[in-house]
Amino acid sequence: MGVAAGPIRVVVAKPGLDGHDRGAKVIARALRDAGMEVIYTGLHQTPEQIVDTAIQEDADAIGLSILSGAHNTLFAAVIDLLKEREAEDILVFGGGIIPEEDIPPLKEKGVAAIFTPGATTTAIVEWVRENAGQSAASGG
């Protein structure tokens, strides 16, 4: 859904009942400071709200932040909704407190990358540039 002429557009979202958003705000600011357009959805978003926002905002990527332990369910719901709405070109990445053993199944479901505690903002920005930037440059 990316537009070749503009900057990378990223929706940063906090799905579910998790009330801790400091990390999501840090990532949103780092992406913004790197020249990307960032839409931060705020706390307690449903997968439907997140996907609706991403489609309406013509996002290149969705960054999900989850600390609640509901990552398997919520990440899968976002991926499934993107498929249902024929918006699979929107890249999904995530971060938070996610056990190492849950990462391979999340990637199999379609999550492009998982950043766990200790990942630097520089590494995340570079990854988004390299991966969502391809989508934006190709027009979708």
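Residues numbered from 1 in each chain as written. Predicted model: local features only at pLDDT ≥ 70, side-chain atom pairs only at ≥ 80, totals over all residues. Heavy atoms only, no water.

The name recorded for the protein in an unreviewed UniProt entry is Methylmalonyl-CoA mutase, from Streptomyces diastatochromogenes. Entered under Cofactor (unreviewed entry) in the UniProt record, the comment concerning the protein runs "adenosylcob(III)alamin". (UniProt positions renumbered as here; feature names shortened; annotations may be inferred.)

This paragraph deals with the environment of G95. Locating G95 in the fold gives a position in strand 4 (residues 91-96). Its relative accessible area of 11% is what places G95 among the buried residues. Remark: the alpha-carbon pair of G95 and L67, spanning 28 residues in sequence, is separated by 8.3 Å. Ignoring any residue separated from it by four or fewer positions in sequence, one finds G95 in contact with L64, S65, I66, F75 and F115. (Helix = DSSP H or I, 4+ residues; strand = E, 2+ residues; numbered from the N terminus. Buried < 20%, exposed > 50% of the residue type's maximum accessible area, 1.4 Å probe, protein only. Contact = heavy atoms within 4.5 Å.)

A few words now on the pairing of strand 4. Taken across its six residues, strand 4 has six buried, putting it largely inside the fold. Judged by which residues are buried, strand 4 turns out to be covered on both faces: L91, F93 and G95 on one side and V92, G94 and G96 on the other are all buried. Two strands pair when backbone bridges link them, and strand 3 (residues 61-66) and strand 4 are joined in this way by six bridges, in the parallel orientation. Looking at strand 4, one finds that L64 is bridged to G94. Crossover handedness for the path strand 3 to helix 3 (residues 71-84) to strand 4: right-handed. In this sheet, strand 5 (residues 113-115) lies alongside strand 4 in parallel orientation, the contact comprising three bridges. (Pairing = 2+ DSSP bridges. Right-handed = clockwise from strand over helix to strand, strands pointing away.)

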